Amino acid sequence: AHARARQTVGERFLRRFPGWFCQQQSCGDVETIFGREYELGLERRLLLDSFRGLAWRGGIVPAVSMAVFCFSLTGLPPLAGFVGKFYLFAAVIQQELYFLALVGVLNSVLSLFYYVKIVRTMFLDEPKGGEGYVAVDFHNGALLGLLTIGTVVLGVFWRPLIDFAANSASFFLG
């Protein structure tokens, strides 16, 4: 049990869901996590506790961005992840693969549980005291802001992107 507690969140995630991480539509989570790991230094592992009180330690931009990305990956509207999951589930149901659709819905519910745990830790848990202030430089803050805005905008105004993709596909496929 002690070895399990020392594993990073990412190690447990990638061990349980191989390949799923690489297929997600948002690179914002990756930028936020690696930015946080860089801030901690390479010698320290990224654990869920390192997110404790992130929003209240000066990291409101990465905390809000991470929350938006987590909810998008879960497939909640009006975020970009919802559009992707909507089309995925529509195609699966159209092909009458109901069991696969059920597995996808259960996977989304399970992912919501894990993502809410991260968001809760960032916003509702108080820092233990040794974490320190989080400083986000302009470049990382701007990148996180653009990715967050893009995730919301693509979730609300998704139709032009779908039309563009359909036109591109018909152009190249004839």
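Residues numbered from 1 in each chain as written. Predicted model: local features only at pLDDT ≥ 70, side-chain atom pairs only at ≥ 80, totals over all residues. Heavy atoms only, no water.

1. Observations concerning the confidence of the model for the protein
Averaged over every residue, the pLDDT of the protein is 79; residues scoring 70 or more account for 74%. Taken as a whole, residues 1–26 scores under 50 in pLDDT and shows 31 contacts with residues more than four places along the chain or in a different chain. (pLDDT = per-residue confidence, 0-100. Contact = heavy atoms within 4.5 Å.)

2. A word on helix H5 (residues 80–94)
The end-to-end C-alpha distance of H5 is 21 Å, a good match for the 21 Å that 15 residues give at a rise of 1.5 Å each. One or two residues past the end of H5 sits glutamate 96, with phi positive at roughly 60°. (Helix = DSSP H or I, 4+ residues; strand = E, 2+ residues; numbered from the N terminus. Expected span 1.5 Å × (residues − 1).)

3. Some thoughts on unusual backbone geometry
With an omega of 5°, the peptide bond between proline 77 and proline 78 qualifies as cis. The residue proline 78 is located in the loop between helix H4 (60–74) and H5 in this model. Phi at glutamate 96 is positive, roughly 60°, even though this residue is not glycine. Examined against the element boundaries, glutamate 96 turns out to sit in the loop between H5 and helix H6 (98–123). Note on glutamate 96: relative accessible area 57%, which makes it exposed. (Buried < 20%, exposed > 50% of the residue type's maximum accessible area, 1.4 Å probe, protein only.)

4. A short note on the environment of alanine 135
Relative to the helices and strands, alanine 135 is located in the loop between H6 and helix H7 (138–156). Under the relative-accessibility criterion, alanine 135 is labelled exposed at 63%. Taking the C-alpha atoms as reference points, alanine 135 and glycine 58, separated by 77 residues in sequence, lie 6.4 Å from one another.

5. As for the packing of H5 against H6
The interhelical angle for the contact between H5 and H6, taken along N-to-C directions, is 155°, at an axis separation of 8 Å. In terms of axis orientation, H5 runs roughly antiparallel to H6. H5 and H6 meet at a crossing whose hand is left-handed. Residues Lys85, Phe89, Val92 and Ile93 of H5 pack against Tyr98, Leu100, Ala101, Gly104, Val105 and Ser108 of H6. Split into classes, the residues belonging to the contact of H5 with H6 amount to seven nonpolar, two polar and one charged. (Axes fitted to C-alpha atoms, helices over the stretch in contact; angles between N-to-C directions. Parallel < 35°, antiparallel > 145°, perpendicular 65-115°, else oblique. Left-handed = near helix turned anticlockwise from the far one by under 90°. Nonpolar A, V, L, I, M, F, W, Y, C, P; charged D, E, K, R; others polar.)

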